[in-house]
Amino acid sequence: MKDTTVPGLDIETRRGFIVLSLPAQISWQNYAGVREGVSRALSMAAGSMAAGSAAAGSVAAGGRAHGRRRTGVVVDFGDTVLLDAAGLVLLARAETRAQLLGCPLRAVVPALSAHVRRALHLTGLARLVPVFPDVASATGAPVPPAPAGRADTAHVLDAIRALHPGDAGLAPTPPAPSELMITTTEAGDGDHTVVHLSGVLDEVTVPRLGETLTTLVEGNLRHLMVRMHERLGIRCDPLPILLGIRWRVAAEGGCLALPALPARLREIIDREGLGSVFTGCRSIEDRLLGGAEPA
C-alpha cells in the first residue's frame, strides 16, 4: 500500500508484521507526515492483534478463525538519511505508543547505515527497540513475551538532545503558566487563620505562598493552618518555606498546622520525621470546647 501523503513512505504486510518503509530522507519538514504513517501502522497492528485474540477465543469455543494475526510493526529505515534529530525522536515516540498499545516494535537498519546504527546506540534506542539488518530477519524472528513494566524513553530524548544540541526542532515546549489559588478564612475559633491552596506548587508559585504567609505573620496572625486541596499539584519541595514560617511563628508562641495533606507531601514529611512539627498548638475542637459556656 502506497502512502500518498509523504513520498517514499510505504506500508505492507510481511509474515504477519506490518512493515513501514521510510522515505529517503527524514527531517522536521516531513516529520508530521511520517509520524502519522507510523501511528497508522501501529493502530492497524493493534487492531489486528485484538481481532486475532477474539478469533482465538472463537476457536476455543468451537468456532473457526480466519486470517492471520499480525504480531507487530517493523520500521524500515533502509537507506534513509537522517538530516536532523527528527528520525530518532520519531522512533522514540513510536516505541512509547507501541508500549501503550501492547504492540511489538522493531527497526531495520542495514549494516551499511553506520551513522544511523551509531545514533541508535548512543541514544539508547537500540536497547529499547530491537534492531535488525534487513526486513527478512526482522519479520522472521519470533516475538518474545512482553517485558514486565514499561520502558521509560525520557532518557532517550535527553540523549537525542545531547547528540543534536543545535537542533531547533528539539526545543522544549514551554510549560503552561503556573497557577496557585490562595484564599484565607477564619477558622471559627477566633484565633486560627486558614490558608486554602489549590492549583500547583512549583518553583514559581512556592515563593508566592511564602510571601502570603509572611504577610499574615507580619500582620500579627500567629496561628496558621494551611489546607491543601486534595488535587493540589506538587512539582517541587515546599518544605523549606513552610519550615521557615513554622519556626518564625513558633518563636512567638504560634503554630503552623498542615491538616489533610496530599499523599505525596505527607510521604515526604513522614520520611523526614516532621509529622509532629506541623501540628496546631491546640486543636480547634479543644479551643471551641474550652470557650463554650456550660448548658
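Just above sits the structure.
Residues numbered from 1 in each chain as written. Predicted model: local features only at pLDDT ≥ 70, side-chain atom pairs only at ≥ 80, totals over all residues. Heavy atoms only, no water.

Draft legend 1. Local environment of the packing of aromatic side chains. Under the definition given, this model contains 1 aromatic pair. Geometrically, the ring pair formed by Trp 28 and Tyr 31 is tilted, given 5.0 Å between the ring centres and 55° between the ring planes. Judged by its relative accessible area of 26%, Trp 28 is partly exposed. (Phe/Tyr/Trp six-rings, centres within 6.5 Å; stacked < 30°, edge-to-face > 60°. Buried < 20%, exposed > 50% of the residue type's maximum accessible area, 1.4 Å probe, protein only.)

Draft legend 2. Broad picture of unusual backbone geometry. The backbone of Arg 15 sits at a positive phi, close to 50°, despite the residue not being glycine. Residue placement: Arg 15 occurs in the loop between strand 1 (10–14) and strand 2 (17–21). For Asn 220, which is not glycine, the phi dihedral falls at a positive 65°. In this structure, Asn 220 sits in the loop between helix 7 (206–218) and strand 10 (223–228). (Helix = DSSP H or I, 4+ residues; strand = E, 2+ residues; numbered from the N terminus.)

Draft legend 3. Quick peek at the environment of Asp 167. Mapped onto the elements of the fold, Asp 167 is located in the loop between helix 6 (154–163) and strand 8 (180–186). Its relative accessible area of 15% is what places Asp 167 among the buried residues. With 139 residues separating them in the primary sequence, Asp 167 and Trp 28 have C-alpha atoms 9.8 Å apart. Discounting residues that sit within four places of it in the chain, Asp 167 has contacts with Trp 28, Asp 84 and Ala 85. (Contact = heavy atoms within 4.5 Å.)

Draft legend 4. Representation of the environment of Leu 201 within the structure. Mapped onto the secondary structure, Leu 201 falls in strand 9 (residues 193–201). It is 5.9 Å that separates the C-alpha atoms of Leu 201 and Gly 233, two residues lying 32 residues apart in sequence. Ignoring sequence-local partners within four residues, the contact set of Leu 201 consists of Leu 180, Val 206, Leu 209, Leu 232, Gly 233, Ile 234, Arg 235, Cys 236 and Pro 238.

So far we have only geometry, and geometry alone does not tell us how the molecule works.
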